[in-house]
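Observations on the three-dimensional arrangement
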Amino acid sequence: MMEEQLAKKLNRQVVGSLVGCVHCGMCDESCHYVLAFPDDHKMTPSYKADQLRKLFKANHDWTGKTFPWWVGADKVPLTDDDLETLKDIAFGTCTNCRRCTLSCPMGVDTATLNRIMRGLLSHVGVMPEGVRVVSKDQWELGNQMGVLKEDYVDTLEWMSEELEEDLGHNEAAIPVEKKGAKVMYCINPREVKYDPRTIKEAALIFWAAGEDWTMPEEGWDNTNFGLFSGDDQLGGVCAKREYEKARELGVDKIVISECGHGFRSTRFEGVNWAAESEPVAMETSVLTMLNYIKQGKIKVDPSKNPEPMTFHDSCNNARSGGFYEEPRELLKLVSMDFREMYPNRAENYCCTGGGGAMSMSEYTPRRLESAKIKAEQIRATGAKVVVTSCHNCVDGLNDLIKHYDLGCEVKQLVNLVAKALVIEEPEKIPEEFKPGDLEVTEVAEKEPLAGRKILVVDDEEDVRAFLTMVFEDAGAEVVTATDGDEAIAMAREHKPDLISLDLSMPGKDGVEAFVELRKNPETEEIPVCVVTGHPEFRQVIYDRPVTPPEGYLGKPVDEDKLVAYAHHIIKHRQERAN
Ligand code: SF4
Ligand code: SF4
């Protein structure tokens, strides 16, 4: 049975790794298990991979058929005890961290072979109890921690209520199942079960950035135990749930919360396991947060995170995902005292909690012994906080920090960004610009808007035409836009003296466009006069964390008043600028 399964896994990369090893031992000292148990040859990467090689050579390679005694093909596992030994090797002496692969001159990928061995064992029902339970939960309940749908939804509501208490309004409430949102945010079930503050912090950041986002009711678990158990079928089913949900909601992209194996299995491996021909766009939340800062959508104050900090690269994000610089860039923007850990990036040592190790308690003593090297790395930095972008690493690091009494705490970038976030209080509405309260109702000049450029934004053609006519009659040059996205593009291109902005529009509405305009340094200074029939104008726009609009007129619009407002607002802005 295992031989048949192995046959299905053989491809050029796998066979290359199976036949390529020359047992030179160059990879030995890459492995944290070897460093912790230097006298035990069974900890070497080549020994672990040799277990699969025997099976391969006995069934698929001429050397095993011709000289079985020479290549170990006469010692293929047959008995229950043999399988138990193999289980101990594949699940208990390798975290699939891939560090040894970097040292191999032959390009042997031991972690891939080890994952295949795990998959063969799982296929015949031989696996640690923790792996069995977690896999079952992920098959049956759609997430690896057995979180019930009602508990998940309750947690989102609970976090929304906490945000309301913190902020004094409910603008940052977590949107659930919002069709047409731009971003679908997916998380690790650990966040629901043990650390819901990360969900709240992410919601705060999305709100502050003016993001159009949602969380799904199902298909929200970005982790995937198929990566650890070696079960490609489970891997494909889990990944597909998320991709299908994103398509159902019609979002532009999935943002994957900080989780190394979640990122790898959703962004890369899942696409293959689920045989996706047109994958949904996906990115890690680290990149999302970094871009918000770079684009001026959120402001941060690094002095809020003054403690000495170091960064631990998750094996899946860094070595397997090539994601090295962005988390460092973000960390440096939100903290004051960053200290690099050595070695780092692709060379970093595993937290020792990888490869599903945290779910296999029978191997805990060995795991903690193998964590010596990681503990030494952290201690050498003198950091008080170890930052990592992976929930699995958070658990692995917390365990070893306690075991080796390192006296630090573990944080994720979302914790630091949320803490550093500068939430600007909405400016008081200047008296003279209170909505609808402008004293001016007409102006004396014949063409009071001569030489001015005005951007009219409204989805209704007749309203656009009417406003254009009124402004042009007053001497202005008019450009128009029909929705929020077009409005932003036109504002950036034309830099008008005033934007006349409708609020209720299909696609990106006026409120979202207004917040984006205010948050973009290119357009933040352009005065905006809201022209709308929206009954709850105050609530939807004045509580935003940005400078409120300079004027407001309710529909239907009085022509003289419109021109007077436009003239007054532009003049006032010019006086302020001078
Ligand atoms: S993948 Fe990591 S844990 Fe496994 S043998 Fe290689 S270095 Fe050791
Ligand atoms: S470095 Fe490569 S060839 Fe040498 S023992 Fe390790 S896996 Fe085999």
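All of these numbers come straight from a predicted model, not from anything done at the bench.

Further remarks concern the site of ligand 1. Lining the immediate surroundings of ligand 1 are C31, H32, Y33, P45, K48, C94, T95, N96, C97, R98, C100 and A111. The set of elements that each furnish at least two residues to the shell around ligand 1 consists of helix 3 (32-36) and helix 4 (45-60). Its residues assigned to classes, the shell around ligand 1 shows seven nonpolar, three polar and two charged.

Attention shifts here to the sheet that holds strand 13 (residues 551-554). Sheets are built from strands paired through backbone hydrogen bonds, the pairs being either parallel or antiparallel. Spatially, five strands are ordered 10-9-11-12-13 in an open sheet, and the strand pairing comes out parallel. Each edge of the open sheet carries a strand with a single partner, namely strand 10 (477-481) and strand 13. Neighbour-to-neighbour, the strand axes of this sheet turn through a mean angle of 20 degrees, independent of strand direction.

Moving on to the site of ligand 2. Around ligand 2, the neighbouring residues are C21, V22, H23, C24, G25, C27, S46, C104, P105, M106 and V108. Split into classes, the residues belonging to the shell around ligand 2 amount to eight nonpolar, three polar and no charged.

Reported here for the largest pocket is a volume of approximately 710 Å³. Looking at the largest pocket, it is lined by 40 residues, and the ones nearest its centre are R115, L227, G230, D232 and W273. Secondary-structure elements contributing two or more residues to the lining of the largest pocket are helix 1 (2-9), helix 2 (12-20), helix 9 (110-123), helix 14 (226-229), helix 15 (232-249), helix 16 (260-273) and helix 21 (391-403). When residues in the lining of the largest pocket are grouped by element, the largest group, eight residues, is from helix 9. Here the residues of the lining of the largest pocket sort into 13 nonpolar, 19 polar and eight charged.

Residue placement: T110 occurs in helix 9. Since its relative accessible area comes to 6%, T110 is described here as buried. Excluding residues that lie within four positions of it along the chain, T110 makes contacts with P45, A49, C100 and T101.

Nonpolar side chains tend to gather and get buried jointly when the protein is soluble and globular. In terms of nonpolar packing, the biggest core is built from 47 residues, with Y152, I205, M215, I298, L330 and L413 touching the most fellow members. Secondary structure elements with two or more residues in this core: helix 11 (149-167), strand 1 (183-186), helix 13 (197-208), helix 17 (285-294), strand 5 (308-312), helix 18 (325-334), strand 7 (385-388) and helix 22 (413-420). Split by domain, the residues of this core number at least three in each of domain 2 (147-294) and domain 3 (302-420). One finds A49, L83, F228 and Y363 within the second-largest nonpolar core, a separate group that totals 29 residues.

This part is about the pairing of strand 11 (residues 498-501). Burial along strand 11 is two-sided: L498 and S500 facing one way and I499 and L501 facing the other are all buried. Bridge analysis of strand 9 (residues 453-457) against strand 11 gives four bridges, and the strand direction is parallel. Residue pairing across strands places V457 opposite L501, the latter belonging to strand 11. Sheet analysis places strand 11 next to strand 12 (residues 528-532), joined by three bridges and oriented parallel. In the strand pairing of strand 12, S500 is matched with C529. This β-α-β element, strand 11 to helix 25 (residues 510-519) to strand 12, shows right-handed connectivity.

The next subject is the packing of aromatic side chains. Inspection of the entire model under this criterion finds eleven aromatic pairs. A ring pair is formed by F67 and W70, whose centres lie 5.5 Å apart and whose planes are at 80 degrees; its orientation type is edge-to-face. The partly exposed category is assigned to F67, whose relative accessible area is 28%. On the accessibility criterion, W70 (63% relative accessible area) is exposed. One residue, R99, lies across the ring of Y349, its end atom 3.7 Å from the ring centre.

Looking along the chain, the bond that leaves Y342 and enters P343 is cis, with omega of -10 degrees. On the secondary structure map, P343 appears in the loop between strand 6 (337-339) and helix 19 (364-370). The phi angle at D405 is positive, at roughly 50 degrees, despite the residue not being glycine. On the secondary structure map, D405 appears in the loop between helix 21 and strand 8 (409-411). In this structure D405 comes out as exposed when scored by relative accessible area, which is 63%.

Examined at the domain level, the protein chain breaks down into domain 1 (2-127), domain 2 (147-294), domain 3 (302-420) and domain 4 (442-577). The C-alpha centroid of domain 3 is placed 29 Å from the C-alpha centroid of domain 1. In this assembly, 19 residues from domain 1 lie in contact with 20 residues from domain 3. Interface area, domain 1 with domain 3, both sides summed: about 1700 Å², of which 59% is carbon and sulfur. Considering only the surface of domain 1 that becomes buried against domain 3, H32, T95 and R99 emerge as the three largest contributors, covering 31% of it. Our enumeration of links across domain 1 and domain 3 arrives at two salt bridges. Across the pair D88 and R366 runs a salt bridge, and its minimum N-O distance is 3.2 Å. Inspection of the domain 1/domain 3 interface yields eight residue pairs in polar contact (both at pLDDT 80 or more). Of all the elements in the fold, those that place two or more residues in the side of domain 1 that touches domain 3 are helix 3, helix 7 (80-92) and helix 8 (99-103). Taken together, the residues that form the side of domain 1 that touches domain 3 break down as eight nonpolar, five polar and six charged.

A separate point is the confidence of the model for the protein chain. When pLDDT is averaged across the protein chain, the result is 92; 95% of the residues are at 70 or more. For residues 427-433, every residue scores under 50 in pLDDT, and the model assigns this stretch 15 contacts once sequence neighbours within four places are set aside.

Let us look at the environment of D483. Along the chain, D483 turns up in the loop between strand 10 and helix 24 (484-494). Ignoring any residue separated from it by four or fewer positions in sequence, one finds D483 in contact with V457, M505, P506 and K508. Here the side chain of D483 touches E486 through a polar contact of 2.8 Å, landing on its backbone nitrogen.

About the thresholds
- Residues numbered from 1 in each chain as written.
- Chains lettered and ligands numbered in written order.
- Predicted model: local features only at pLDDT ≥ 70, side-chain atom pairs only at ≥ 80, totals over all residues.
- Heavy atoms only, no water.
- Near = heavy atom within 4 Å.
- Helix = DSSP H or I, 4+ residues; strand = E, 2+ residues; numbered from the N terminus.
- Nonpolar A, V, L, I, M, F, W, Y, C, P; charged D, E, K, R; others polar.
- Pairing = 2+ DSSP bridges.
- Axes fitted to C-alpha atoms, helices over the stretch in contact; angles between N-to-C directions.
- 1 Å grid on protein atoms, 1.4 Å probe; cavity = no way out; pocket = protein on both sides within 12 Å on 5 of 7 lines; lining within 4 Å.
- Points joined across faces, edges and corners; volume = space filled by probe spheres on them.
- Buried < 20%, exposed > 50% of the residue type's maximum accessible area, 1.4 Å probe, protein only.
- Contact = heavy atoms within 4.5 Å.
- Core = buried A, V, L, I, M, F, W, Y, C linked by side-chain atoms within 4.5 Å.
- Domains from an automatic or database assignment.
- Right-handed = clockwise from strand over helix to strand, strands pointing away.
- Phe/Tyr/Trp six-rings, centres within 6.5 Å; stacked < 30°, edge-to-face > 60°.
- Lys NZ or Arg CZ within 6 Å of the ring centre and 35° of its normal.
- Buried area = accessible area lost by both parts, 1.4 Å probe.
- Salt bridge = Lys/Arg side-chain N within 4 Å of Asp/Glu carboxyl O.
- Polar contact = N/O pair within 3.5 Å; in protein donor to acceptor, adjacent residues only side chain to side chain.
- pLDDT = per-residue confidence, 0-100.

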